[in-house]
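Each chain is listed here by its residues.
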Amino acid sequence: MDNKNKNICWHCLVAETLKTLLEPVGIEVRSEVQVVSAPPKADLILIQQNKSGRTDEQRLLLADGLWDLDADHILAELKITESLDENSLSQLSVYDYLYLGTANLQRHQLRSILISSISPRSEFLEQFAFEPVGPVGVYESKPVWGGVLRLILLNELVNEPQNAPLKCFASRQDERKKAFETIKQAGLFKLSVAFGRIVLGLWRLQMKDSLMRPEMDEVTPEFVSQLGKEWIDFILTATPDEELFSLPKFENRLVQEHREGHREGHREGHREGHREGHREGHREGESAILIRLLQRRFGNLPAWVRDKIAKAELPSLENWSLRFVDAQSLEEIFADQV
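These remarks concern the structure in this document. Owing to the predicted nature of the structure, the values given are computational and were not obtained by experimental measurement.

Here we come to the sheet that holds strand β5 (residues 131–132). Ordered by their spatial adjacency, seven strands build an open sheet running β1-β2-β3-β4-β7-β6-β5, and the pairing between neighbours is mixed. Strands with a single pairing partner mark the edges of an open sheet, and in this sheet they are β1 (27–30) and β5. Where β1 lies against strand β2 (residues 44–49), four bridges are found, and the strand directions are antiparallel. Counterpart to Ile27 in the pairing with β2 is Gln49.

Looking at the secondary structure, you find Asn155 in the loop between β7 (149–153) and α5 (164–167). A polar atom in the side chain of Asn155 sits 3.0 Å from the backbone oxygen of Ser117. Apart from the residues within four sequence positions on either side, Asn155 is in contact with Ser117, Ile118, Ser119, Lys167, Ala170, Ser171, Arg172 and Glu175.

We now examine the pairing of β7. Among the five residues that make up β7, five are buried, leaving the element largely enclosed by the rest of the structure. Residues Leu149, Leu151 and Leu153 line one face of β7 and the alternating positions Arg150 and Ile152 line the opposite face, and both faces are buried. Relative to β7, strand β4 (residues 110–116) is paired through four bridges, and the arrangement is parallel. For Ser116, the partnering residue across the bridge sits in β7 and is Leu153. Where strand β6 (residues 138–141) meets β7, four bridges bridge the pair, whose relative direction is antiparallel. Across the sheet, residue Tyr139 finds its bridge partner in β7, namely Leu151.

So, how was this worked out
Residues numbered from 1 in each chain as written. Predicted model: local features only at pLDDT ≥ 70, side-chain atom pairs only at ≥ 80, totals over all residues. Heavy atoms only, no water. Pairing = 2+ DSSP bridges. Helix = DSSP H or I, 4+ residues; strand = E, 2+ residues; numbered from the N terminus. Polar contact = N/O pair within 3.5 Å; in protein donor to acceptor, adjacent residues only side chain to side chain. Contact = heavy atoms within 4.5 Å. Buried < 20%, exposed > 50% of the residue type's maximum accessible area, 1.4 Å probe, protein only.

Printed below as a string of structure tokens:
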């Protein structure tokens, strides 16, 4: 990652990316965290659950190393341009201890993690007894001073939609490129205008001409979001009308306007085709969500499961999704369908 510009507030950018991604589903994200009763504040990110218990929607958006943590408060320290060392670990332990008291939390309510853009040497992981836990790129250690430290290495996270927003900050350019492509392919830009702008702005920030803009004094979340807005406006302006209105999003919007404008006069004449398209879109969405949920719990899915889901109608998909909550195996979910 280009480190020439020293005015980039990396923890602010990561926090704003997570904020636009997670707050619509009920997870609060803050970039300034009061770890003691008086200033100064530390450059940390706080990911806070507004209600007890993770929803399936939240789990689908949280990266590996985050979604399995049941704590209401997750305190994250970022290492974007700096390498990990012993001070990084001890400092996070201090932040963890201080915040626990300041926020008046019980031990089970808080987990503290390190998120590193640069991959450490294997000697570092061995020296501090970091062992892989669960998903690729996630490690844990039990330091001599107590507690459990979790480490997330952005370069190592698998290239999946839930990891892509964080992998935009990986140190390796090829990993960042894959992350942006995954965001595009998975349609994550559609989650919200704010998230789309910040991610597009991050993509532009990596272009040489963006970092050389003379008016840039400091790279803030607002600046990056503005970069993304300018890029969206440029695309809309530069695209011919006939191409623009052929895009699915614009076509669907026109269909919706047509439906609203003629609902009273032509209710039965035009509705059936639109209704069928809506049902098919809903079915595909339910299929994708169910597959993601099953993969998250059971890993790679056998061919018979994928085949059942591909051929299933919407009621079956909804029924299987409900069974997922309590089922202990794939066979139990598809008990009457195998």
